Amino acid sequence: MKKDGHIHTPFCPHGSKDALERYVEKAIACHFTEITFTEHAPLPPSFEDPTPDKDSGMDFALLVPYFTHLQEIKKYYSSQIHINIGLEIDFIVGFENETRQFLNEYGPMLDDSILSVHFLKWQNHYTCIDFSKEVYLQCANEIGSVQQLYQLYYETVHQSIDSDLGKYKPKRIGHPTLIHKFQHAHAEQIDDTVLIKKLLLHMKNCGYEMDFNSAGLSKPMCLEPYPPLPMMEYAKSIALPYTFGSDAHTVKDLHQHYELLFS
């Protein structure tokens, strides 16, 4: 069975307008038997998106149309491929209550979902850590070092696993080493093997699944999947469940690097 469990859509404000049907038809042509559309959920109403265009999450007004369109697509292609309706939920320190309320209301409409960390809190302000090299390096400078930035990221992912987000909390943790996205943008040599193993083991012990995310291979300052291959071997050694995710924001990127990772 071939599954891609992390796919974005034309509802993404920072993605492409490629039609949902084109994603599905490519998945069928590539012999995938199951896919999950995981658009970025609307951010908590009281959270101020720190990105310049305020486009990290879906417009709340598009949420119901998103569900409606996916229900139609799911039904239309049901004889050819299994389609899951999902969301990628942001875990944001300090906004757990609003996230829980959102999931309580819209969780029943989800077949599958991902919980991800994109925003880090430091001294009462938030940074979108994967937005750009410049933002990433500035955040590391503010915190004290790249090493400390890594530490904060992994601590935040641990918090996402431990947080009480209600009965509809996602059970798959998105791109667990996203902090590596700009690892070739700095001169520091960071060995975070112990931190990654600790995180993956915590994921396993708490009953979570991992998003084995290939998008980092296409990022010129990352050049590896999330998590990197040696840590993927560790995940397998502890029997941590995982699902491949291409994290595609365009049809072109759908299933990116699948053959490389599973050949």
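Up top is the structure these notes are about.
Attention here is on the structure that accompanies the text. (Residues numbered from 1 in each chain as written. Predicted model: local features only at pLDDT ≥ 70, side-chain atom pairs only at ≥ 80, totals over all residues. Heavy atoms only, no water.)

Some details on the packing of helix H6 (residues 193-205) against helix H7 (residues 229-237)
Here comes step 1: The interhelical angle for the contact between H6 and H7, taken along N-to-C directions, is 35 degrees, at an axis separation of 10 Å. Judged by the sense of rotation from one axis to the other, the crossing of H6 with H7 is right-handed. Between H6, through Thr193, Ile196, Lys197, Leu200 and Leu201, and H7, the contact on the second element is made entirely by Met231, Tyr234 and Ala235.
Here comes step 2: Class assignment of the residues belonging to the contact of H6 with H7 gives a composition of six nonpolar, one polar and one charged. (Axes fitted to C-alpha atoms, helices over the stretch in contact; angles between N-to-C directions. Helix = DSSP H or I, 4+ residues; strand = E, 2+ residues; numbered from the N terminus. Left-handed = near helix turned anticlockwise from the far one by under 90°. Contact = heavy atoms within 4.5 Å. Nonpolar A, V, L, I, M, F, W, Y, C, P; charged D, E, K, R; others polar.)

A closer look at the environment of Asp53
Here comes step 1: Here Asp53 shows up in the loop between strand S2 (34-40) and helix H2 (63-76).
Here comes step 2: What makes Asp53 exposed here is its relative accessible area of 62%.
Here comes step 3: Considering only alpha carbons, one finds Asp53 and His14, 39 residues apart in sequence, at a separation of 8.9 Å. (Buried < 20%, exposed > 50% of the residue type's maximum accessible area, 1.4 Å probe, protein only.)

Thoughts on the sheet that holds strand S1 (residues 3-7)
Here comes step 1: Read across the sheet, seven strands follow the order S1-S2-S3-S4-S7-S8-S9 without closing on themselves; strand pairing throughout is parallel. Of all the strands in the sheet, the pair left with one neighbour each is S1 and strand S9 (242-245).
Here comes step 2: Bridge analysis of strand S3 (residues 82-90) against strand S4 (residues 112-116) gives five bridges, and the strand direction is parallel. When the sheet's bridge partners are listed, Ile89 is paired in S4 with Leu115. (Pairing = 2+ DSSP bridges.)

Some points on unusual backbone geometry
Here comes step 1: The residue after Tyr226, namely Pro227, is reached through a cis peptide bond having omega -5 degrees.
Here comes step 2: Locating Pro227 in the fold gives a position in the loop between strand S8 (209-213) and H7.
Here comes step 3: Even without being a glycine, His255 presents a positive backbone phi close to 65 degrees.
Here comes step 4: When you line up the elements, His255 lands in the loop between S9 and helix H8 (258-262).

Digging into the nonpolar core
Here comes step 1: Counting 74 residues, the largest nonpolar core has Phe37, Leu87, Leu149, Leu200 and Met203 as the members making the most contacts within it.
Here comes step 2: Among the elements that take part in this core, helix H5 (residues 146-162) stands out by supplying eight residues, more than any other.
Here comes step 3: In contact with Met203, other than residues within four places in its own chain, are Ile161, Ile173, Pro176, Tyr208, Glu209, Met210 and Leu240.
Here comes step 4: Counting residues in each nonpolar core, the second largest holds seven residues, with Ile92, Phe95, Tyr126 and Cys128 among its members. (Core = buried A, V, L, I, M, F, W, Y, C linked by side-chain atoms within 4.5 Å.)

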